[in-house]
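# What the coordinates show
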Amino acid sequence: MPESGDLDADLNDSLIQLNSLSKHYKMGDTVVRALDGVTFSIREGEFVSITGHSGSGKSTMMHLLGCLDRPSGGEYWLDGDLVSRMSDRMLAVIRNEKVGFVFQTFNLIQRTSALDNVAVPLFYGRKPKVREAAMRALERVGLNHRATHTPAELSGGERQRVAIARAIVNEPRIVLADEPTGNLDSRTGNQIMDIFHELHRSGVTIILVTHERDVALQAERIVRMRDGKIVEDRRVDEDLRDELSAGEQDVPDRSPPPLARPAGV
Amino acid sequence: MFVLRVCMMALRSLWIHPLRSILATLGVIIGVGAVVAAMAILEGMSARFRAGFESMGSNKLFVTPNIQRRHNRMVGSFDSLRLGDAEAIDRACGKVESVMPQISQREAMVKFLSKNTTADILGATESYQEISSHYVSEGDFITAQNVQGKANVVVLGSRVKEELFGGRPALGEKVRIFGLLGARTFTVIGVMEEKGNVAFMDVDRQVIVPVTTAMEKLYGLKSVQTIVVEAVSPDDADIEAAAGQIKKLLRQRHKIRAAQDDDFEVKSQKDMVEQVGQFQQIVGIVLGSIAGISLVVGGIGIMNIMLVAVTERTREIGVRMAMGAQRTDVLVQFLIEASFVSFLGGAMGVLMGWGFANTIEQLTRVFETLTTGLSVGLALTMATLTGIVSGIYPAWKASRLDPVEALRYE
């Protein structure tokens, strides 16, 4: 590979490095290329939005980045580890230690207190002093006074804050959020985004999968996907904001993509 | 810590659907309950039987005709034992302390004036008191002369005396006893002390007459039914020596050739207790099989509820996997949950069985029941094992879920 020297360099300063990563599904006789040879990287501490229409491959990307799934081809380096070749057992450890998930539907465990929900990753990480750590995470999202409430007793925004506390309780390198404001009204959604900004400021790498323009624009960088490929990868700056405020309803889908190679490389 | 948390989670998910949980564990509850109750009753019965034997002293041997059941027919001679055999044993066997030939008949009519009652007739000798540790409370017992002279004398059991005479004195009164040969008149010479049941025989309901009188005048028998022998000591060696001497003597007296079987049996008290033990073992095997079947049925119930739980909680399993749960964590979690559910069912079954046994005891008042720690422990262990076994498949299914698919599950 001619760029191998570059890639080695990438490995040194990027937290995430994807090399021709692909994911194929068989649907009957046809092969669906949900992810078709994606190469890009994310540096530690970045705040990246991944956007695209449904079927663009952004969910598959999220599952692969979160180590919930294995690629059909290519390499995925996370924090110096080649996770694309790891066993189920090791992937579970990586998910537990390095990745925090936030879902659109919160996915809290029913009839279980906020504190116990937050403690779930600690429980599977066999961590000591579970209650103290879970309580600290709840404090970070400002919900320590709701620790004993069950999800049914919490508002949507509060549930998502509990979910964020759960995502960060093990102090992961990456927080992966899948449409985190999708089920919330805009005011509550903004509060949730404020928490992500705060986490970002404290140095956590945040990857936000969303199709909402306003939400995507809050990141530092937007990665746009279509048909399993990255079609745009650019910094969020005044130019982009201006273009969008000129009347477009969604993140612009310009083709051909201006950047063949990811911006961060 | 892990186990405790998983148990708490299991309790919570059981609590959400109380009716469903009870229905699912019903098989285990009923199975365990039935076995605990049956074991309590069986234990109670055999404990009592043993106590009865022990109260008779442990140096006894029982010589009876050798009657066996072959192809549903009784084979052997019923009249192989004679009074002469008893006398010979007493005379010739060095390891024998005393001998008592006896016959007994159940439920004969005994009449005093216009009052009558039924009693068991025991034909015995003067040795009865010593051998049975059962003594007269008033009057005298049968003497050797009575036996020799085939006297028409009777010693009444305490309840028989009570029923025929009430508070009035019975000594010297005449009662009529109805045997197979018709009614005979007997003089009451004594009343036995109260003793209660001995090996399921109510000795207070019996009347004792000389064995010779019973054979000749009441039943027209030439043979005795049992020769009760007391060995010189309760040592196993002495008991065995006595049995050997008796066998040798009786084979000689009955002219049994070397290749022929004995026409009598000599059983020690220990043998009889062992026979009860064998009976208990057989009942135990039958109970065990019933328990096995009901636990299989119970296990199916547990497996069913666990499969439902896995399906219902697919998304939760996905979330747990996303949070870093290993496949083995999920497997162990559902296994613990299944065994815990089953254990709770078992615990309820133990309570139910114990309650049932006690109710039977209260209602029948025939014997006490004994719920032992062993039966409770065994029942709970079996229930928990059932849970583990029937939880394996659902737990395995849960652990094999694909996290991506599970998270998408609605």
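See the structure printed just above.
Below is a short write-up of the structure. Predicted model only: the values in this text are computed from it and were never measured.

Moving on: the overall build of chain B. For chain B, the helix and strand inventory stands at 13 helices and 14 strands. Here the C-alpha atoms of chain B give a radius of gyration of 32 Å, more than 25% beyond the 22 Å that 2.2 N^0.38 yields for 410 residues. The dimensions of chain B, computed from C-alpha atoms along their principal axes, are 100 × 55 × 40 Å. Classification of the 410 residues of chain B by burial places 48% in the buried group. When contacts within chain B are restricted to residue pairs at least 6 apart in sequence, those whose partners lie at least 24 apart make up 76%.

The interface is formed by 25 residues belonging to chain B together with 24 residues belonging to chain A. Of the roughly 2,400 Å² buried between chain B and chain A on both sides combined, carbon and sulfur atoms contribute 56%. A per-residue breakdown of the area chain B buries against chain A is headed by Arg5(B), Met323(B) and Gln326(B), which together make up 27% of the total. Scanning the region where chain B abuts chain A turns up 2 salt bridges. Where Arg327(B) meets Asp88(A), a salt bridge forms, and the shortest distance between an N and an O atom there is 2.9 Å. Counting the contacts that link chain B with chain A gives 10 residue pairs in polar contact (both at pLDDT 80 or more). Elements with a minimum of two residues in the side of chain B that touches chain A: α1 (2-16), α10 (314-322), α11 (327-364) and α13 (403-408) of chain B. Grouping the amino acids of the side of chain B that touches chain A by side-chain chemistry returns 12 nonpolar, 4 polar and 9 charged.

With that settled, consider the environment of Lys58(A). Residue and element names in this part refer to chain A. Structurally, the position occupied by lysine 58 is in helix α2 (residues 58-65). What makes lysine 58 buried here is its relative accessible area of 9%. Between the C-alpha atoms of lysine 58 and glycine 228, which are 170 residues apart in sequence, the distance is 7.7 Å. Those residues in contact with lysine 58, other than ones at most four positions away along the chain, are Ile50, Thr51, Gly52, His53, Glu179, Val209, Thr210, His211 and Met225. For lysine 58, the side chain forms a polar contact with the main-chain oxygen of glycine 52, separated by 3.1 Å.

We now examine the packing of helix α3 (residues 83-92) of chain B against helix α8 (residues 236-253) of chain B. All names here are of chain B. Two numbers describe how α3 lies on α8: the axes approach to 10 Å, and their chain directions differ by 135°. Regarding the angle of α3 to α8, the classification is oblique. Taken as a pair, α3 and α8 cross one another with a handedness that is right-handed. Residues Gly84, Asp85, Ala88, Ile89 and Ala92 of α3 lie in contact with α8, whose contacting residues are Ile246, Leu249, Leu250 and Arg253. Here the residues of the contact of α3 with α8 are counted per class, giving 6 nonpolar, 1 polar and 2 charged.

Glancing now at the packing of aromatic side chains. Within a pair of aromatic rings, the relevant descriptors are the distance that separates the centres and the angle that separates the planes. Residue and element names in this part refer to chain B. Within this structure, the stated rule accounts for 5 aromatic pairs over all chains. Ring centres of phenylalanine 112 and phenylalanine 165 lie 4.2 Å apart, and the angle between their planes is 40°; on these two criteria the pair is classed as tilted. Remark: phenylalanine 165 occurs in helix α6 (residues 158-165) and phenylalanine 112 occurs in strand β4 (residues 96-112); sequence separation between them is 53 residues. Grouping residues by exposure puts phenylalanine 112 and phenylalanine 165 together as buried. Measuring from centroid to centroid gives 6.5 Å for tyrosine 393 and tryptophan 396, while their planes differ by 25°, and the two rings are stacked. Of this pair, tyrosine 393 and tryptophan 396 both sit in helix α12 (residues 373-399), separated by 3 residues, roughly a single helical turn.

Residues and elements named next belong to chain A. Strands sit in the order β6-β7-β8-β3-β9-β10 across an open sheet of 6 strands; the sheet is mixed. Among the strands making up the open sheet, the edge pair consists of β6 (99-102) and β10 (229-235). The mean angle between the axes of side-by-side strands here comes to 20°, regardless of whether they run parallel or antiparallel. Bridge analysis of strand β3 (residues 47-51) against strand β8 (residues 205-209) gives 4 bridges, and the strand direction is parallel. Counterpart to phenylalanine 47 in the pairing with β8 is isoleucine 206. Packing of helix α6 (residues 156-168) onto the sheet brings it into contact with β6 and β7 (174-178), and relative to β6 it is tilted by some 170°.

What counts, and where the lines are drawn
Residues numbered from 1 in each chain as written. Chains lettered and ligands numbered in written order. Predicted model: local features only at pLDDT ≥ 70, side-chain atom pairs only at ≥ 80, totals over all residues. Heavy atoms only, no water. Helix = DSSP H or I, 4+ residues; strand = E, 2+ residues; numbered from the N terminus. Rg over C-alpha atoms; globule rule 2.2 N^0.38 Å. Buried < 20%, exposed > 50% of the residue type's maximum accessible area, 1.4 Å probe, protein only. Contact = heavy atoms within 4.5 Å. Buried area = accessible area lost by both parts, 1.4 Å probe. Salt bridge = Lys/Arg side-chain N within 4 Å of Asp/Glu carboxyl O. Polar contact = N/O pair within 3.5 Å; in protein donor to acceptor, adjacent residues only side chain to side chain. Nonpolar A, V, L, I, M, F, W, Y, C, P; charged D, E, K, R; others polar. Axes fitted to C-alpha atoms, helices over the stretch in contact; angles between N-to-C directions. Parallel < 35°, antiparallel > 145°, perpendicular 65-115°, else oblique. Left-handed = near helix turned anticlockwise from the far one by under 90°. Phe/Tyr/Trp six-rings, centres within 6.5 Å; stacked < 30°, edge-to-face > 60°. Pairing = 2+ DSSP bridges.

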